[in-house]
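One letter stands for each residue in the lines below.
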Amino acid sequence: MEANMKLATVEDTVEYRLFLIPDERRDPEKHKEILEKSIERIMTQFAPMLVSYIWQNQPFNLRYKPGKGDVPAHIFGMTKFGDNIEDEWFIVYLIKQITKEFPELVARIEDNDGEFLLIEAADFLPKWLDPDNSANRVFFYHGELCIIPAPRKPGAESWLPTSPPTIPQALDIISTHWEKVVASESIRAAVNRRIRGYPGQIEASLHRAHCFLPAGIAAVLKQCPRLVAAAVQAFYLRDPIDLRACRVFKTFLPETRIMTSVTFTKCLYAQLVQQRFVPDRRSGYGLPPPSHPQYRAHELGMKLAHGFEILCSKCSPHFSDSKKSLKTTSPLWASFLKSLKKNDYFKELIEGSAQYQERLEMAKNYFNLSVNRPESSLAMSPGEEILTLLQTTPFEIEELKKEEADLPPEDDDKWLDLSPDQLDQLLQEAAGKKESQSISKEEEEQNYDLNQVSKSMKAFISKVSTHKGAELPREPSEAPITFDADSFLNYFDKILGSDPICRFTPQMHSAAGAGTELKLGGPGPQESDSDDLEEEDLDCLDSDDDSDLGMQEPGEEASLKGTLDNLKLYMAQMDQELAHTTIGKSFTTRKQAEPASQTTDTKSDEEDSGAGEPVLAPVDVDLNLVSNILESYNSQAGLAGPASNLLHSMGVQLPDNTDHRPTSKPTKDYCSTSDPAPC
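Worth saying up front: this structure is predicted, and the values here are computed from it rather than measured.

1. What to know about the overall build of the protein
In step 1: Within the protein one finds 28 helices and 10 strands.
In step 2: Here the protein holds 679 residues, and the buried ones make up 37% of them.
In step 3: Taking as baseline every contact in the protein between residues at least 6 positions apart, the subset at least 24 positions apart corresponds to 77%.
In step 4: Taken as a whole, the protein presents about 40,700 Å² of accessible surface, with 51% of it coming from carbon and sulfur.

2. Describing the side chain of R108
In step 1: Relative to the assigned elements, R108 resides in strand β4 (residues 105–111).
In step 2: For R108, the side chain forms a polar contact with the side chain of E110, separated by 3.3 Å.
In step 3: Here the side chain of R108 touches E115 through a polar contact of 2.8 Å, side chain to side chain.

3. Some words on a negative patch on the surface
In step 1: Together, D27, E29, E33 and E36 give the surface a local cluster of negative charge.
In step 2: Inspection of the secondary structure assignment puts E33 in helix α1 (residues 28–45).

4. Regarding the nonpolar core
In step 1: Ranked by internal contacts, the top residues of the largest apolar core, which has 60 residues, are F60, F90, I95, I109 and L117.
In step 2: The element contributing the most residues to this core is helix α3 (residues 85–101), with 8 residues.

5. Description of the packing of aromatic side chains
In step 1: Throughout the structure, instances matching the rule amount to 16 aromatic pairs.
In step 2: Here F252 and F308 contribute two aromatic rings whose centre-to-centre distance is 6.0 Å and whose plane-to-plane angle is 75 degrees, an arrangement assigned as edge-to-face. Note that F252 is positioned in the loop between α11 (240–244) and β8 (257–265) and F308 in helix α13 (residues 295–313), a separation of 56 residues in sequence.
In step 3: Classification of F308 by relative accessible area gives buried; the value is 0%.

6. Observations regarding the packing of helix α12 (residues 266–274) against α13
In step 1: Between α12 and α13, whose axes approach to 10 Å, the crossing angle comes to 100 degrees. The orientation of α12 with respect to α13, classified from their angle, is roughly perpendicular. Contacts between α12 and α13 involve Y269, L272 and V273 from the former and R296, L300, K303 and L304 from the latter.
In step 2: The class makeup of the residues in the contact of α12 with α13 is 5 nonpolar, no polar and 2 charged.

7. A word on unusual backbone geometry
In step 1: Omega for the peptide link from Y198 to P199 comes to 5 degrees, which places this bond in the cis form.
In step 2: By secondary structure assignment, the location of P199 is in the loop between α7 (185–195) and α8 (200–204).
In step 3: Although it is not a glycine, N136 sits at a positive phi angle of roughly 60 degrees.
In step 4: Residue position: N136 is located in the loop between α4 (116–120) and β5 (138–141).
In step 5: A relative accessible area of 2% places N136 in the buried class.
In step 6: In this structure, H142 is a non-glycine residue whose phi angle is positive, near 55 degrees.
In step 7: With respect to the helices and strands, the residue H142 is situated in the loop between β5 and β6 (144–147).

8. Re the sheet that holds β4
In step 1: Here we have 6 strands laid out as an open sheet, ordered β2-β3-β1-β4-β5-β6, and antiparallel in their pairing. On the outer flanks of this sheet lie β2 (63–65) and β6, each paired with one strand and no other. Each strand axis lies, on average, 35 degrees off the axis of its neighbour in the sheet, ignoring direction.
In step 2: Relative to β5, helix α5 (residues 167–176) is tilted by about 45 degrees, and along the sheet it contacts β1 (13–20), β4 and β5.

9. With respect to helix α27 (residues 621–635)
Structurally, the α-helix is built with 3.6 residues per turn, so residues lying three or four positions apart point the same way.
In step 1: With 15 residues, α27 should cover 21 Å at 1.5 Å per step; its first-to-last C-alpha distance of 21 Å lies within 8% of that length.
In step 2: For α27, the complete set of buried residues consists of N624, V626, N628, I629, E631 and S632.

10. Quick notes on the pairing of strand β7 (residues 206–214)
In step 1: Of all 9 residues that make up β7, 8 are buried, and the element is covered over most of its length.
In step 2: Summarising the sheet, β7 and β8 pair through 9 bridges and their orientation is antiparallel. Bridge assignment links L213 to a residue of β8, and that residue is I258.

11. Thoughts on a nonpolar patch on the surface
In step 1: Residues L578, I583, F587, V619 and V621 make up a contiguous nonpolar surface patch of roughly 410 Å² in combined accessible area.
In step 2: Mapping V619 onto the fold places it in the loop between α26 (599–609) and α27.

12. Some points on the pattern of salt bridges
In step 1: Following the criterion strictly, the structure yields 19 salt bridges and no others.
In step 2: Taking the shortest distance from any N to any O, the salt bridge between R208 and D411 comes out at 4.0 Å. Linking R208 in strand β7 with D411 in the loop between α18 (397–402) and α19 (420–430), this pair joins segments that are 203 residues apart in sequence.
In step 3: The exposure class of R208 is partly exposed, given its relative accessible area of 24%.
In step 4: With a shortest N-O distance of 3.5 Å, K303 and E299 are connected by a salt bridge. Taken as a pair, K303 and E299 lie in helix α13 at a separation of 4 residues, close to a single helical turn.
In step 5: The buried category is assigned to K303, whose relative accessible area is 0%.
In step 6: Among the charged side chains, a salt-bridge network with shared partners connects E15, R17, R108, E110 and E115.

13. Thoughts on the environment of P72
In step 1: Assignment of secondary structure puts P72 in the loop between β2 and β3 (74–80).
In step 2: For P72, a relative accessible area of 25% gives the class partly exposed.
In step 3: Along the chain, P72 and P28 lie 44 residues apart, while their C-alpha atoms are 9.8 Å from each other.
In step 4: Beyond its immediate chain neighbours, meaning those up to four positions away, P72 contacts F19, G67, I167 and L171.

Cut-offs applied
- Residues numbered from 1 in each chain as written.
- Predicted model: local features only at pLDDT ≥ 70, side-chain atom pairs only at ≥ 80, totals over all residues.
- Heavy atoms only, no water.
- Helix = DSSP H or I, 4+ residues; strand = E, 2+ residues; numbered from the N terminus.
- Buried < 20%, exposed > 50% of the residue type's maximum accessible area, 1.4 Å probe, protein only.
- Contact = heavy atoms within 4.5 Å.
- Areas by Shrake-Rupley, 256 points an atom, 1.4 Å probe, with all protein chains shown as cover.
- Polar contact = N/O pair within 3.5 Å; in protein donor to acceptor, adjacent residues only side chain to side chain.
- Patch = residues over 30% accessible without salt bridge, like charges linked within 9 Å, V, L, I, M, F, W, Y side chains within 5 Å.
- Salt bridge = Lys/Arg side-chain N within 4 Å of Asp/Glu carboxyl O.
- Lys, Arg positive; Asp, Glu negative; His and termini not counted.
- Charge placed at Lys NZ, Arg CZ, Asp CG, Glu CD.
- Core = buried A, V, L, I, M, F, W, Y, C linked by side-chain atoms within 4.5 Å.
- Phe/Tyr/Trp six-rings, centres within 6.5 Å; stacked < 30°, edge-to-face > 60°.
- Axes fitted to C-alpha atoms, helices over the stretch in contact; angles between N-to-C directions.
- Parallel < 35°, antiparallel > 145°, perpendicular 65-115°, else oblique.
- Nonpolar A, V, L, I, M, F, W, Y, C, P; charged D, E, K, R; others polar.
- Pairing = 2+ DSSP bridges.
- Expected span 1.5 Å × (residues − 1).

In structure tokens:
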């Protein structure tokens, strides 16, 4: 990957790039002009969504980036989303919509984890796609997620490179073969599921609360609500040096406090509420008793005041006046304001009204921050913005106090507390599962089928496991794993040599029973180690040629019959030896009533195998499996453990154990002594 296209190295940061679809050879200056014009159009068209959005750390931004090496000139943006992951997914939604509204643009987005869109859709990715070959393959075009595939065979598709494509190659492929590179429906659905709530999700992510704040902060937040994020972060990440400025407040005096309504994001509100903090007595920010009905409002206001004071203490009140006149000097403001009116940003507010002016000031702040971005030497820090607003925005404390009676109600913050059922529901939604209907716990317990546990375990055992892990039987519609028994036996013949004691064939397997376990070995000085096998020995497992396998010669039929008789004799001897032990009592057996017609045959078999020996009842494998898993699950006492982890990985959810009575028989340990819970 190109040096300047490497992954974002800053933690919790997302980077996004917008490229022009290549057509005719453009002049570099013309290319730059087109990209810069596109930036203005994008930021203006999406302004109604972005103006009032409260970002956790940094806002969505776009700037022109010149070409370097094989990477052409493009539009670049980087946002540090911090603790609020919703900011990152909102940017994904924006990028998707930008490519839909501007069809000449192709977008690419990644964060410090790499291709996080592929991580979101990991359950549906093709097997060939992994982090080593995913570079420059994932793009948005025409509002759809595209993944440039790799050729199945070198040279099979002339338009697909055998190695990960470069950016110019990827843009050329997308422009000429767009329909062939659109990601599968399941992959697109996984990504769209994560952003399906936008833009309505923006309003749902907000929380409004009453705060007892200094009047200056209330006036600042009216003009620029996004500054609440900087204040919360300043308080949340405070250090002892920051708190020195809060011993005696110089900017926001506690005597000017009023009750007002503040809009947070849920992430910011949770960060502020969960912080335990006792203010310095010299600050003047005393708190009422916790039983006071407005204790929460006083506490939130005190914390916010400390955050704003910390921000203002980090800048000089006499900073350069050139920073204060940015919004009046840009020629783009008139066209930007016209576009806002066209997109119904002001809704039906009367021009000149108080609410119209508030939205106008918010638009000006957004314009300075995102559209008419100043040079870094002129960019204002949050503290400088606050001081500028205090100096340029007149406010009357008495007028603000009159508004206390008409404050909108607070939002309920019960979402801070999650019940176990709500957590399970969130996890299921994150995994892409939906409950078709709400089922009570009583109905769930009554309708629960324990056969599901045994069926899932059997399906798990029949799956394939490799050094990369085991395949889990999540979907019942999956095709069963096929097994070539002849190739497998031929493989063992090569391991054991030409003269094993017995050759175990599929016919013997059916005669002995599927649950029989044998150890095969042959005499001789030579021993074979599976680690030392050559490739030709391993190829027999994947061979589709059965012409020399499974073919019985006429002379082998007598040998096969003798081998089967010997096998039955071995099994009878093993049963006789086990009959004198107590191991059989540790398993639950099936009680089967044999028909009278089989009595004579049974007696004759007993005489042949040894008179007087008891006949062992067959073990009920399913019942033993389920009972041991339930005992292990019960011993976990609601915590994570081997039984719940294994069943959950297979998509099996056991209902809660409401029976607290002790079990009728003691728990038996069928595991190793190092495992405290039964299997």
